[in-house]
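Coordinates in review
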Amino acid sequence: MKKDELKGHLSMTTANMMWGLMSPISKMVLITSIITPFIIVEIRVIGAAILFWIASIFTKREHVSPPDLLKLFFASMLGVLFNQGLFTIGLGMTSPVDASIITTSTPILTMIIAAIYLKEPITNKKVSGIFLGASGALLLIVSNQNTSGTTHNSNIWGDIVCLTAELSFALYLVLFKQLISRYSPITLMKWMFTYAAICIIPFSFQDITHLEWLSLEPNIWYGLSFILLGSTFVSYLLAPTGQRYLRPTVVSMYCYVQPIVASCVAVYWGMDSFNLLKIIAVICVFSGVFLVTRSKSRADMEAAV
């Protein structure tokens, strides 16, 4: 494996571990009814924009051409605003289990879009890898649901909203791969979150100013801090590295890491325990990622002709 590819795999693993923790932590924050899904989106988008601008002060300045600035606007709509906003709103309407299951659709959507737009081949290895990964993720999710004893509390409209969020992210991965390869992660995220913040501020100003921040309990502060710093700033700082060095379908496969992280957290907190089913599920997930990684790309097939 090349050094750049290894960097991409490590970046996507870490980013998806952070995103895996976000669903249960977000749900914990939302249960209080003080923080709404829309407020979480506002905190993520506006807070991350500020953090990335601060980070840009300490890095080399990059010139972004006007055409690319326009492309970054549309990238921010798909990769940040619609993806984050719709998923968080959908999570508030449905159960974490449903939301987790729906995230497993991302590699399938990405594979189809990449085949249409990038002419990426749909190979046996790629299909088998996605099937294995999805099977492993679903095994983990179902086993967690069966052992936790929690109510399902699903909502079809919440499920549809979450699915739309995943479609948005799949489009972002495929349509803007070349753009992402031209700039550093901080430059990319600085502009993407700035555009998203500009779009959301007119609708969020009243919510943010009317929230009684000083009355929030410490656990809500901890949850919001992790959502902003870990699941947003750090994750979106690492994700472009993976997108730069890996194919869109491979990048999307890493969403299967998220239920693994959720299971590990449940075990660590004493809410669950590892069993044979979970071990099989983890093996399926990583076997699926390996198969998709080893599948031939369009460039590989053209070179072989």
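Predicted model only: the values in this text are computed from it and were never measured. (Residues numbered from 1 in each chain as written. Predicted model: local features only at pLDDT ≥ 70, side-chain atom pairs only at ≥ 80, totals over all residues. Heavy atoms only, no water.)

1. A closer look at the side chain of Ser-11
Counted only if it meets this: In DSSP terms, a helix is any run of H or I states spanning at least four residues, a strand is any run of E spanning at least two, and both are numbered starting from the N terminus. Exposed residues in this analysis have more than 50% of their type's maximum accessible area, buried residues have under 20%, and partly exposed residues fall in between, with area computed by a 1.4 Å probe over protein chains only. A contact between two residues is defined here by any heavy atoms of the two lying within 4.5 Å.
Along the chain, Ser-11 falls in helix α1 (residues 3-31). Among the residues examined, Ser-11 registers a relative accessible area of 7% and is labelled buried. Here Ser-11 is in contact with Leu-238, Thr-241 and Gly-242, once residues within four sequence places are set aside.

2. A few points about a nonpolar patch on the surface
How we decide: Patches here are clusters of residues that have more than 30% relative accessible area and form no salt bridge, with a 9 Å joining cutoff for like charges and a 5 Å cutoff for nonpolar side chains (Val, Leu, Ile, Met, Phe, Trp, Tyr). All accessibility values rest on the Shrake-Rupley procedure with a 1.4 Å probe; residue burial counts only the protein chains present in the view. The term salt bridge refers to a pairing of a side-chain nitrogen on Lys or Arg with a carboxyl oxygen on Asp or Glu at a separation within 4 Å.
Together, Ile-89, Met-93, Ile-156, Trp-157 and Ile-160 give the surface a local cluster of nonpolar side chains, amounting to about 490 Å² of exposed area. The set of elements that each furnish at least two residues to the nonpolar patch consists of α3 (66-93) and α7 (156-175). Of all the elements, α7 adds the most residues to the nonpolar patch, at 3 residues. Along the chain, the position of Met-93 falls in helix α3. Judged by relative accessible area, Met-93 falls into the partly exposed class, the value being 34%.

3. Here we look at the packing of helix α2 (residues 37-57) against α3
We apply this condition: Simply put, an axis is a line fit to the C-alpha atoms, just over the touching stretch for a helix, and the angle between two N-to-C directions goes from 0 to 180 degrees. For this classification, under 35 degrees means roughly parallel, over 145 means roughly antiparallel, 65 to 115 means roughly perpendicular, and everything else is oblique. Here is the rule for handedness: rotate from the far helix to the near one, and if that takes an anticlockwise turn smaller than a right angle the crossing is left-handed, while a clockwise turn gives right-handed. Ten residues, namely Ala, Val, Leu, Ile, Met, Phe, Trp, Tyr, Cys and Pro, are considered nonpolar, four, namely Asp, Glu, Lys and Arg, are considered charged, and the remaining ones, Gly among them, are considered polar.
It is at 8 Å that the axes of α2 and α3 come closest, and there the two elements cross at 150°. In this view, α2 runs roughly antiparallel relative to α3, as classed from their interaxial angle. The interaxial crossing formed by α2 with α3 has right-handed handedness. On α3, the residues touching Pro-37, Ile-40, Val-41, Arg-44 and Val-45 of α2 are Val-80, Gln-84, Gly-85, Thr-88, Ile-89 and Gly-92. Classifying every residue of the contact of α2 with α3 by side-chain character gives 6 nonpolar, 4 polar and 1 charged.

4. Re the confidence of the model for the chain
Interpretation of this model should avoid reading the predicted coordinates in detail wherever pLDDT is low. Under the convention used in this document: Values of pLDDT, the confidence the predictor places in each residue, fall between 0 and 100.
Per-residue confidence for the chain averages 81 on the pLDDT scale, and 86% of its residues sit at or above 70. Looking over the chain, one finds the lowest element-wise mean pLDDT in helix α14 (residues 298-304), namely 53, and the highest in helix α10 (residues 218-245), namely 91.

5. A look at the nonpolar core
For clarity, the threshold we go by: Here, the term nonpolar core denotes a set of buried Ala, Val, Leu, Ile, Met, Phe, Trp, Tyr and Cys residues that are joined through side-chain atoms within 4.5 Å.
Of all hydrophobic cores here, the largest spans 53 residues; its most connected members are Tyr-172, Met-189, Phe-193 and Tyr-256. The greatest single-element share of this core, amounting to 9 residues, is contributed by helix α9 (residues 185-210). Leu-30, Ile-35, Ala-99 and Leu-224 belong to the second-largest nonpolar core, a separate cluster that totals 19 residues.

6. Some words on the packing of aromatic side chains
The line we're drawing: Aromatic rings from Phe, Tyr and Trp, with only the six-membered ring used for Trp, were paired whenever their centres fell within 6.5 Å, and each pair was classed as stacked if the ring planes differed by under 30 degrees, edge-to-face if by over 60, and tilted otherwise. In this scheme, Lys NZ or Arg CZ marks a charge over a ring once it lies within 6 Å of the ring centre and within 35 degrees of the ring normal.
This structure, assessed with the given rule, holds 12 aromatic pairs. With centroids separated by 4.7 Å and ring planes inclined at 45°, the aromatic side chains of Phe-52 and Phe-233 adopt a geometry described as tilted. Placement of the pair is Phe-52 in helix α2 and Phe-233 in helix α10, with a sequence separation of 181 residues. The two residues Phe-52 and Phe-233 agree in class, both being buried. Pairing Trp-53 with Trp-191 gives two aromatic rings, centres 5.6 Å apart and planes at 75°, and the pair type is edge-to-face. Placement of Trp-53 in helix α2 and of Trp-191 in helix α9 is noted, with a sequence separation of 138 residues between them. For Trp-53, a relative accessible area of 38% puts it in the partly exposed group. The rings of Trp-19, Phe-52, Phe-169, Tyr-172, Phe-176, Phe-193, Phe-233 and Tyr-236 are connected pair by pair, giving a single aromatic cluster. Just above the ring of Trp-53 sits the side chain of Lys-190; from NZ or CZ to the centre is 4.5 Å.

7. What about α7?
Short version of the rule: Given the number of residues in a helix, its expected span is that number minus one, multiplied by 1.5 Å.
For α7, which comprises 20 residues, the first-to-last C-alpha distance of 28 Å matches the rise-based estimate of 28 Å (1.5 Å per residue) to within 8%. Every buried residue belonging to α7 is among Gly-158, Asp-159, Val-161, Cys-162, Ala-165, Glu-166, Ser-168, Phe-169, Ala-170, Tyr-172, Leu-173 and Val-174, and all of these are buried.

8. Section: the environment of Ser-225
Here is the rule we go by: Pairs of N or O atoms are called polar contacts if they sit within 3.5 Å, as long as, within protein, a hydrogen donor faces a hydrogen acceptor (for residues adjacent in sequence, only side-chain-to-side-chain pairs).
Tracing the chain through its elements places Ser-225 in helix α10. Look at Ser-225 and you get partly exposed, because its relative accessible area is 35%. Of note is the side chain of Ser-225, whose polar atom sits 2.7 Å from the backbone oxygen of Trp-221.

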